[in-house]
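If you want the building blocks of each chain, they are given just below.
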Amino acid sequence: MRLRNITGADEVIEKSEYVIKEPEKMKGNWKTVMKQPAPLHIEIGMGKGRFLMDMAKQNPDIFYIGIEKYSSVLLRAVQKMEETPLDNLRFILMDAKEIESVFDKEEVERIYLNFSDPWPKDRHAKRRLPSRQFLERFDHILKADGTLEFKTDNRDLFDFAVEEVKPAGWEIAGITYDLHHDETMNRGNVMTEYEEKFSSKGNPIYKYIIFREH
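For the structure given in this document, a descriptive report is provided here. (Residues numbered from 1 in each chain as written. Predicted model: local features only at pLDDT ≥ 70, side-chain atom pairs only at ≥ 80, totals over all residues. Heavy atoms only, no water.)

1. Digging into the overall build of the chain
A count of helices and strands for the chain gives 7 helices and 7 strands. Each helix (α) and strand (β) of the chain, taken in turn from the N terminus, gives the series α-β-α-β-α-β-β-α-β-α-β-α-α-β. Against the globule reference of 17 Å for 214 residues, the chain gives a C-alpha radius of gyration of 17 Å, in line with a compact fold. On the principal axes, the C-alpha backbone points of the chain span a range of 40 × 40 × 35 Å. (Helix = DSSP H or I, 4+ residues; strand = E, 2+ residues; numbered from the N terminus. Rg over C-alpha atoms; globule rule 2.2 N^0.38 Å.)

Structure, rendered in structure tokens:
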């Protein structure tokens, strides 16, 4: 269970140079944050930041932004960045529902959703990040040839996500129901903390890569 309150977390985040304050002011101008022009990739619900930090280390020519809703969780990522600073990674504390107020049309090249909150009750379906409601939001900020990658160990959530693809006007480019035993889909895979934990217990990891219909 995620911790929601850690004393002093908000103050640390507010002072951190790695967290973008008032990100809505950067809409359409994220290139000004980069030291050099680069494709923009974002992770929504980034947790403690391990995945994005590993990605940023491996791909210095790509600029990454991690989005996290809870300050107590983002705090951990900020602390890691202070230990190992990366020029091509920054964070935003915000609710993903506001994503269109922060990124302009076709400003993002790739979106990552990793082990998102399943929101298991039916009445909360529209809160799930791979829902058609969120895919519509992502549609507005993703480049025409951009992709969205989703990983989870929750089969119910994955089945729901797959069912949402077509009605939302997207197409599946790749899909697997056992990522770590799929040679093609697992090539170059960077694991999250959750992924390492779940797969070590023998849980299969589900993944799809989707793009928009044109």
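Alright, that's what it looks like, and here's the rest.
2. Thoughts on helix α2 (residues 50-58)
Side chains three or four residues apart in an α-helix point the same way, a direct result of the helix having 3.6 residues per turn. Listed as buried for α2 are Phe51, Leu52, Met53, Met55 and Ala56. Taken together, the buried residues of α2 touch β1 (40-44), β2 (63-68), α3 (71-83), β3 (89-93), β4 (108-114) and β5 (142-152). (Buried < 20%, exposed > 50% of the residue type's maximum accessible area, 1.4 Å probe, protein only. Contact = heavy atoms within 4.5 Å.)

3. What about the sheet that holds β2?
Strand order in the open sheet made by the 7 strands is β3-β2-β1-β4-β5-β7-β6, with mixed pairing throughout. This sheet does not close on itself; its edge strands, each paired only once, are β3 and β6 (170-176). If you compare each strand with its neighbour and ignore which way they point, the axes differ by 20 degrees on average. Summarising the sheet, β6 and strand β7 (residues 206-212) pair through 6 bridges and their orientation is antiparallel. Counted as the bridge partner of Ile172 is Ile210 from β7. Against the sheet, α3 contacts β2 and β3, and its axis sits at roughly 160 degrees relative to β3. (Pairing = 2+ DSSP bridges. Axes fitted to C-alpha atoms, helices over the stretch in contact; angles between N-to-C directions.)

4. Describing the packing of aromatic side chains
Scanning all chains against the criterion turns up 12 aromatic pairs. Between the aromatic rings of Phe115 and Phe198, the centroid separation amounts to 5.8 Å while the plane-to-plane angle is 45 degrees, which identifies the pairing as tilted. Placement of Phe115 in the loop between β4 and α4 (132-141) and of Phe198 in helix α7 (residues 193-200) is noted, with a sequence separation of 83 residues between them. The pair formed by Phe115 and Phe198 is uniform in burial state, with each residue classed as buried. When the ring of Phe150 is compared with that of Phe158, the centres are 6.1 Å apart and the planes differ by 20 degrees; the resulting orientation is stacked. Both residues of the pair, Phe150 and Phe158, count as buried. Put simply, the rings of Phe150, Phe158, Tyr177, Tyr206 and Tyr208 pair up and form one aromatic cluster. (Phe/Tyr/Trp six-rings, centres within 6.5 Å; stacked < 30°, edge-to-face > 60°.)

5. Side note on the pairing of β2
When a strand is regular, its side chains alternate between the sheet's two faces. β2 sits mainly inside the fold: 6 of its 6 residues count as buried. Both β1 and β2 contribute to a ladder of 5 bridges, which runs parallel. Its bridge partner lying in β2, Ile44 is registered against Ile67. With respect to chirality, the unit in which β1 leads through α2 into the neighbouring parallel β2 is right-handed. Pairing of β2 with β3 involves 5 bridges; the strand directions are parallel. Bridge pairing in β3 links Ile67 to Ile92. Between the parallel pair β2 and β3, the chain is carried across by α3, and the sense of this crossover is right-handed. (Right-handed = clockwise from strand over helix to strand, strands pointing away.)

6. Description of the nonpolar core
Counting 38 residues, the largest nonpolar core has Ile42, Ile44, Phe103, Ile111 and Leu148 as the members making the most contacts within it. Among the secondary structure elements, those contributing two or more residues to this core are β1, β2, β4, α4, β5, α5 (155-165) and β7. The element that contributes the greatest number of residues to this core is α5, accounting for 5 residues. Not counting residues up to four positions away in its chain, the partners in contact with Ile42 are Ile65, Ile67, Ile99, Phe103, Val108, Arg110, Ile111, Tyr112 and Ile141. Core analysis: the second largest hydrophobic core is formed by 20 residues, Ile13, Ile62, Tyr112 and Val190 among them. (Core = buried A, V, L, I, M, F, W, Y, C linked by side-chain atoms within 4.5 Å.)

7. Things to note about the pattern of salt bridges
Inspection of the entire model under this criterion finds 12 salt bridges. Where salt bridges share partners, they join Arg50, Asp54 and Glu196 into one cluster. (Salt bridge = Lys/Arg side-chain N within 4 Å of Asp/Glu carboxyl O.)

Purely geometric stuff here, so don't read any function into it on its own.
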